[in-house]
Amino acid sequence: MKKLRVRSRVISWLRRRLPSPPIWTFQQYSPRPLVSREIIPPTLKQPLPRIAIVTPAYNHAQFLGATIDSILVQNYPALAYHVQDGGSLDGTVELLKSYGGRISWRSQADKGQGNAINLGFASMPGDSDIMAYLNSDDALMPGTIAYVAGFFQNNPAVDIVYGHRIIIDHNGQETGRAVMPPHDALALKYIGYVPQETMFWRRKVWEKIGPIDEAFRFALDWDFMIRAQNAGFKFVRLPRFLGCFRVHSEQKTSAMLGVGLEEMEKIRIRENGHGITRADMRRFVLPFLAKQFVYHWLYRFRAIGN
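Scoring rules and cut-offs
Residues numbered from 1 in each chain as written. Predicted model: local features only at pLDDT ≥ 70, side-chain atom pairs only at ≥ 80, totals over all residues. Heavy atoms only, no water. Helix = DSSP H or I, 4+ residues; strand = E, 2+ residues; numbered from the N terminus. Buried < 20%, exposed > 50% of the residue type's maximum accessible area, 1.4 Å probe, protein only. Contact = heavy atoms within 4.5 Å. Areas by Shrake-Rupley, 256 points an atom, 1.4 Å probe, with all protein chains shown as cover. Polar contact = N/O pair within 3.5 Å; in protein donor to acceptor, adjacent residues only side chain to side chain. Patch = residues over 30% accessible without salt bridge, like charges linked within 9 Å, V, L, I, M, F, W, Y side chains within 5 Å. Salt bridge = Lys/Arg side-chain N within 4 Å of Asp/Glu carboxyl O. Pairing = 2+ DSSP bridges.

Caption draft 1: Representation of the overall build of the protein chain. Scanning the protein chain from terminus to terminus reveals 11 helices and 9 strands. In terms of overall dimensions, the protein chain has C-alpha extents of about 75 × 45 × 45 Å along its principal axes. Looking at the protein chain as a whole, 51% of its 306 residues qualify as buried. Within the protein chain, contacts between residues separated by at least 24 positions form 80% of all contacts whose residues are at least 6 apart in sequence. For the protein chain, the exposed surface amounts to about 14,900 Å²; the carbon and sulfur share of it is 56%.

Caption draft 2: Structural detail: the side chain of His164. When you line up the elements, His164 lands in strand β6 (residues 160-168). A distance of 2.9 Å separates a polar atom in the side chain of His164 from the backbone nitrogen of Met180. With near-sequence residues (within four places) excluded, His164 lies in contact with Ala178, Val179, Met180, Thr198, Arg237, Leu238, Pro239, Arg240, Phe241, Leu242 and Gly243.

Caption draft 3: Local environment of a nonpolar patch on the surface. There is a patch of nonpolar side chains on the surface, built from Ile276, Met281 and Leu286 and spanning about 220 Å² of accessible area. Relative to the elements of secondary structure, Met281 occurs in helix α11 (residues 278-300).

Caption draft 4: Here's a closer look at the pairing of strand β1 (residues 51-57). In terms of burial, β1 is a largely internal element, 7 of the 7 residues being buried. Because side chains alternate across β1, one face comprises the buried residues Ile51, Ile53, Thr55 and Ala57, and the other comprises Ala52, Val54 and Pro56, equally buried. Judged from the 4 bridges that link them, β1 and strand β4 (residues 130-133) form a sheet pairing that is parallel. The residue bridging Ile53 from the neighbouring strand is Ala132, located in β4.

Caption draft 5: Examining unusual backbone geometry more closely. For the peptide bond that leads from Gln46 to Pro47, omega is 0°, which places it in the cis range. Looking at the element boundaries, Pro47 is found in the loop between α1 (2-17) and β1. Positive phi outside glycine occurs at Asn59, with the angle close to 55°. Looking at the secondary structure, you find Asn59 in the loop between β1 and α2 (61-72). In this structure, Asn75 is a non-glycine residue whose phi angle is positive, near 55°.

Encoded structure:
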């Protein structure tokens, strides 16, 4: 009995001190300055891959400047960048004008985030090799675009890539990190774990599966990933922190939780014929979360790098 009590106390102590898997744990520690360690890309071959990035925006002027700057600081020569604003009234248009000809942009009413992304890509040249979208409150880490371009050049069989995530707060202070294990195709059918702000794909993915499904307001990124995976495109998780996900009170993630839960359940039923069950959790979700937990602590103990 004494041994049981001791073990119970140890388990209780560990539970209080070990965080839950940090994919969705946004406040892992007190806010601290973001460490912007530049990613060193491999040597790029000419011609450089042409990359198109769209930022959908609506009344996010307080964050949009940081998002745009995180793209421009990449200094990638073969980049086309466009901001598609939904007719903001908070100073967004004035901010966009201040960049002059350094970016392209348009401000007009739209039908939501998915529609804005599709409008943005439709307004850009159709000759890009790689595509991505970055929301107006998120950011890329320095060197990300060249690193991704080099990886695609050296790995022609890979179609979609993503990386680790840094979590930042309203003020741009770091509050956590999510270190992702290698891609798990089965787990993706049950949970949308890929950090969208770090994801890039080849144009052929967009051409085959079609644009963002505008019927989704919350789970549009997860729907796009699953459709791409179902079409046979190859995903790879890159071992670098590629982007920052900003958590704040005005964001859609906080304001549309109910809608998000409904949409995610809709996708699970579409893909698996039913909602998530306990058996699904044991077989597909918990093993993935356990791997993510291990990767998190390996990184925290500096057993693996970024």
